[in-house]
Amino acid sequence: MFKKILIPVILSAAMLLGGCSDISVNVNINRDGGRKKLMAVKDDLKWWQETIAYEIYVKSFKDSDGDGCGDINGIISELDHLKNLGVGAIWLTPCYVSPQADNGYDIADYYDIDPAYGTMEDMDRLIEEADKRGIRIVMDLVFNHTSDQNEWFKESALSKDNEKSDWYIWADPKEDGSAPNNWRSIFGGSAWEYNEERGQYYLHTFLPEQPDLNWENPKVREALIDVANFWVKKGVGGFRMDAITYIKKPADLSDGKPDAADGMVGIHSMTANTEGILDYLDEFKSAVQDDTDIFTVGEANGVSAKDLPNWVGKNGVFDMVFEFGFVNIDLPDESNWCETREWTLPEFKAVFSASEKMTSDPKINGWYPMFLENHDQPRSINHFLPEGADRVAGGKALATLLLTMRGTPFIMEGEELGFVNVAWPDIDDYNDISTKNHYKFAIGEGYSEEEAMAGVHRFARDSARTPMQWDGSENAGFTSGKPWLPVSDDYETVNVKAESSDPDSVLSWYHELVNLRSSHREFIDGDYEEILHEDEQIFAYLRENADAKAVVLINMSTEKAAYDPSITENAKQILCTGEGSDAGELAPLEAVIYEELK
Ligand code: GLC
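Note that this is a predicted model, so its numbers are computed, not measured.

*Asks:* Explain the pairing of strand β22 (residues 591-597) to me, please; I cannot follow it from the model alone.
*Replies:* Remark: a regular strand shows side chains that alternate across the two faces of the sheet. Counting buried residues along β22, 5 of its 7 residues qualify, which places the element largely inside the surrounding structure. In terms of strand pairing, strand β18 (residues 548-555) meets β22 through 7 bridges, oriented antiparallel. Across the sheet, Val552 pairs through a bridge with Ile593, a residue of β22. In the sheet, strand β20 (residues 572-576) pairs with β22 via 4 bridges, with the strands oriented antiparallel. Paired with Leu575 across the strands is Ile593, a residue of β22.

This is the structure in structure tokens:
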């Protein structure tokens, strides 16, 4: 029912500008006057560079059969919400057959759909129904590891000399029978698990239920290429490559220098982005992507701006990579959620600007996947804004950043409604295994229960995974059954239906920005240049193409912020989250966009 009242993507300028409606006339006049010139835009962008991507956490998006778990038919029923958001690519978290030790990131069969999510016919229909709306489906390829229930692993574990014996990373115990080295898995505890049958340990970067594949073996690489090509043939639009920087292990498997009281070292510092990894990824690219229009985006922990020429663009192995430099800006150590780090806005801005600068260098000709949230991260309002920031104003400020930077924006399910973190009282209320392990680690390191829970409230992955809120009815319209994870308490007001009919909601602001992107092409193909870098409150930048120059100013603080008004002197204000404040001043969390036509 709520679909009927969704705000259409193409809004009239008067509606669009809300509090800034007096400015809309100028915008229209200027846009009409500028139309001819607008023909002269760059036209060599690929479809995925012009669109908006949206991440669906399949288990939490929409349940169609009342089992409390989201499914593919549920997604089909809500495709119009995404179409109205201007979405052209949906990244689905893994929905292959899986025992769900890590909610699907432990794949038992890459060639079939988990019955909890539907059937292969449902998936074919999703691809088709999405396509009708101009949306492509992006599959999550989890290729660093499989499930321990995958037939490949079961066979590998049988003996030291079967056909798949070296499809995983096996090693003998140390002389005292202990694990081959002191590497700590990303989810806590040793990265090695003993297997009785083989009398050996196997390596797991994540859970023991997620054994790492041995990419050194050409047969493994071939098998993975076959999987990807199977999905290309189905008509998917791209792949998100999970944990891809960990696939190549160093030849030397000896102990690393301990980084905590447990005497272990985080595996990521030993195996991320290891020399030789690019050869494997190059091989994958030519075997899967050549002669297709699909895109790839790698989850690239351990890759930073300086590495980008090898990872994206002309000579890169992917089209885009998710970098995490800004994500962990508040964590001195990823494995310890109890310590936080003070950070400044100039630091935060510098991470984006370095990557934008690198990817836009014509020698590289790369592209950036702009994101502030995903299913592993806290909600961005809690993560990047000061404590106590207003949810609606904060959600709009961050949406402005997300949708006006150079690159393809990736919206995380719920982000468009301004979701915030949940803070459940007990660790047993949480579902995510990594959250539980971080809690255990904290207690083991001597933190109090209270300190450990504070870390959980701040960083738990469950906050990004609570069910999508569709309306104010029981369970937020997500399911008619019992949701697998509790719905957030704010569902009666924070939901698609309520926000669709409220012109001041976060969702309505998303629609305004989506419309802005489609009518002001500099936000798609324009160059990016950061300005006011040293400013501690304002994130400001230019987006400029041959026809127009836009100035985006976002006050990321909860205090008023002043800036030199001469930077917008010749420009018209075309959008603002607030009442249309005076040039030279921004209200707390206010975002304003100016534009000057050439
Ligand atoms: C990636 C996924 C995360 C998962 C992990 C193991 O980081 O985003 O959700 O737990 O890989 O596959």
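Now that the structure has been shown, the text picks up again.
*Asks:* Looking at this model, I keep getting lost on the packing of aromatic side chains. Mind explaining?
*Replies:* The geometry of an aromatic ring pair is captured by the separation of the ring centres together with the interplanar angle, meaning the angle of the planes. On inspection of all chains with the given rule, the structure shows 42 aromatic pairs. When the ring of Trp337 is compared with that of Phe459, the centres are 6.0 Å apart and the planes differ by 50 degrees; the resulting orientation is tilted. Here Phe459 lies in helix α17 (residues 449-459) and Trp337 lies in the loop between β13 (320-322) and α13 (345-360), a separation of 122 residues in the sequence. Both rings, one in Trp424 and one in Tyr430, keep their centres 5.1 Å apart while their planes meet at 55 degrees; by these two values the pair is tilted. Like Trp424, the residue Tyr430 is buried in the burial classification. Over the ring of Trp484 we find Lys59, and its NZ or CZ is 4.5 Å from the ring centre. In this structure, Lys164 packs its charged tip against the face of Trp167, placed 4.8 Å from the ring centre.

*Asks:* Can you walk me through the site of the ligand in this structure?
*Replies:* Taken together, 13 residues lie near the ligand, and Asp102, Asp242, Glu299, His375 and Asp376 sit nearest. Note that an oxygen atom of the ligand is positioned 2.9 Å from one of the side-chain N or O atoms of His375. Surface burial for the ligand is 96%, taken as the share of its 310 Å² of free accessible area covered by protein chains. Of the residues assigned to the shell around the ligand, the class counts are 3 nonpolar, 3 polar and 7 charged.

*Asks:* What am I meant to see in the sheet that holds strand β8 (residues 192-195) here?
*Replies:* By definition, the strands of a sheet pair up through backbone hydrogen bonds, in either a parallel or an antiparallel sense. Taken in spatial order, the 3 strands make up an open sheet running β6-β9-β8, and their pairing is antiparallel. Since the sheet does not close on itself, it has two edges, and those belong to β6 (170-171) and β8, each with one partner. The sheet contact formed by β8 and strand β9 (residues 200-203) spans 4 bridges and is antiparallel. When the bridges of β9 are listed, Trp192 appears paired with Leu203.

*Asks:* I tried to follow α17 on my own but got confused; where do I start?
*Replies:* Note: α-helices contain 3.6 residues per turn, so residues at a spacing of three or four share the same orientation. Residues of α17 that are buried: Ala452, Met453, Gly455, Val456 and Phe459. The buried residues of α17 all sit within an arc of 155 degrees when viewed along its axis, so they share a single face. Buried residues along α17 sit against α16 (433-444).

Definitions and limits used
- Residues numbered from 1 in each chain as written.
- Predicted model: local features only at pLDDT ≥ 70, side-chain atom pairs only at ≥ 80, totals over all residues.
- Heavy atoms only, no water.
- Buried < 20%, exposed > 50% of the residue type's maximum accessible area, 1.4 Å probe, protein only.
- Helix = DSSP H or I, 4+ residues; strand = E, 2+ residues; numbered from the N terminus.
- Pairing = 2+ DSSP bridges.
- Phe/Tyr/Trp six-rings, centres within 6.5 Å; stacked < 30°, edge-to-face > 60°.
- Lys NZ or Arg CZ within 6 Å of the ring centre and 35° of its normal.
- Near = heavy atom within 4 Å.
- Polar contact = N/O pair within 3.5 Å; in protein donor to acceptor, adjacent residues only side chain to side chain.
- Areas by Shrake-Rupley, 256 points an atom, 1.4 Å probe, with all protein chains shown as cover.
- Nonpolar A, V, L, I, M, F, W, Y, C, P; charged D, E, K, R; others polar.
- Arc of directions from axis to C-beta.
- Contact = heavy atoms within 4.5 Å.

Everything listed here is a matter of coordinates, which is why it stays silent on function.
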